[in-house]
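# Secondary and tertiary structure notes
Chain by chain, the residues:
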Amino acid sequence: VQLQASGGGLVQAGESRRLSCSASGRGFVNYSVAWFRQAPGQEREFVSAVKYGVGTTYYSDFVKGRFTISRDNDKKTVYLQMNSLQPEDTAVYYCAAASCLHDHYHSLERYYNFWGQGTQVTVSS
């Protein structure tokens, strides 16, 4: 599967932004999809994931309550709705996919074998 992330840009603190991760290829419904982000000078970190099949969602503590992940299997797209953005949310956001990923591994990037190119989100104060 190939992934393309989009929707990044420059926003003011407190505003919202929605990222999209569009997939091509077969069997999208069988892939768990996650968002990771990497700020300048920092390691890439897990943000959120949505499981294949039942669509269970997972969030890191620092976005819980502000970000919402969802998927539309017909459109082969996963969305990340980001509300109440803060300057510390500034990063390149990557989407990644893994086939039939076990719940235990949803936040571990080494288990994701398909990655999008990343989209920059900049939050100004």
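Our subject in this report is the structure included herewith. These numbers were taken from a predicted model, which means no experiment stands behind them.

The rules behind each value
Residues numbered from 1 in each chain as written. Predicted model: local features only at pLDDT ≥ 70, side-chain atom pairs only at ≥ 80, totals over all residues. Heavy atoms only, no water. Helix = DSSP H or I, 4+ residues; strand = E, 2+ residues; numbered from the N terminus. Rg over C-alpha atoms; globule rule 2.2 N^0.38 Å. Areas by Shrake-Rupley, 256 points an atom, 1.4 Å probe, with all protein chains shown as cover. Lys, Arg positive; Asp, Glu negative; His and termini not counted. Charge placed at Lys NZ, Arg CZ, Asp CG, Glu CD. Buried < 20%, exposed > 50% of the residue type's maximum accessible area, 1.4 Å probe, protein only. Polar contact = N/O pair within 3.5 Å; in protein donor to acceptor, adjacent residues only side chain to side chain. Contact = heavy atoms within 4.5 Å. Pairing = 2+ DSSP bridges. Axes fitted to C-alpha atoms, helices over the stretch in contact; angles between N-to-C directions.

Now for the overall build of the chain. Summing up its helical and strand segments, the chain has 0 helices and 11 strands in all. Compactness check: the chain gives a C-alpha radius of gyration of 13 Å against a globular reference of 14 Å for 125 residues, within 12% of the reference. On the principal axes, the C-alpha backbone points of the chain span a range of 40 × 25 × 25 Å. Just so you have it, the chain exposes about 6,400 Å², and 44% of that area is on carbon and sulfur atoms. Computed over 12 positive and 10 negative side-chain charges, the inter-centroid distance for the chain is 8 Å.

Inspection of the secondary structure assignment puts Asp89 in the loop between strand E8 (77–82) and strand E9 (91–99). You can call Asp89 buried: its relative accessible area is 1%. Side chain to side chain, Asp89 and Arg66 meet in a polar contact 2.7 Å long. Those residues in contact with Asp89 that lie beyond four places of it in its chain are Arg37, Arg66, Phe67, Ser84, Val121 and Val123.

Turning our eyes to something else, we now look at the pairing of E8. Two faces make up the sheet, and in a regular strand the side chains alternate between them. Burial within E8 is extensive, with 5 of its 6 residues counted as buried. Inspection of the sheet shows strand E3 (residues 17–24) paired to E8 by 6 bridges, in the antiparallel sense. Its bridge partner being in E8, Ser22 is matched across the sheet by Thr77. Pairing geometry for strand E7 (residues 67–72) and E8, over 6 bridges, is antiparallel. Within E8, the residue paired with Thr68 across the bridge is Gln81. The hairpin formed by E7 and E8 contains 4 residues between the paired strands, and Lys76 there has a positive phi angle of roughly 50 degrees.

It is worth spelling out the sheet that holds E8 at this point. Ordered in space as E1-E3-E8-E7, the 4 strands form an open sheet in which the pairing is antiparallel. Two strands close off the open sheet at either side, each with one partner strand: strand E1 (2–6) and E7. Across this sheet, the average inter-strand angle for adjacent strands is 15 degrees, counted without regard to direction. Here E1 runs beside E3; their pairing, made up of 5 bridges, is antiparallel. Pairing of Gln4 across the sheet is with Ser22, part of E3.

Let us look at unusual backbone geometry. With a phi angle near 50 degrees, Lys76 is a residue other than glycine that sits in the positive phi range. Here Lys76 lies in the loop between E7 and E8. Lys76 sits in the partly exposed class, given a relative accessible area of 30%.

Keep in mind that these numbers describe shape and distance, not what the molecule does.
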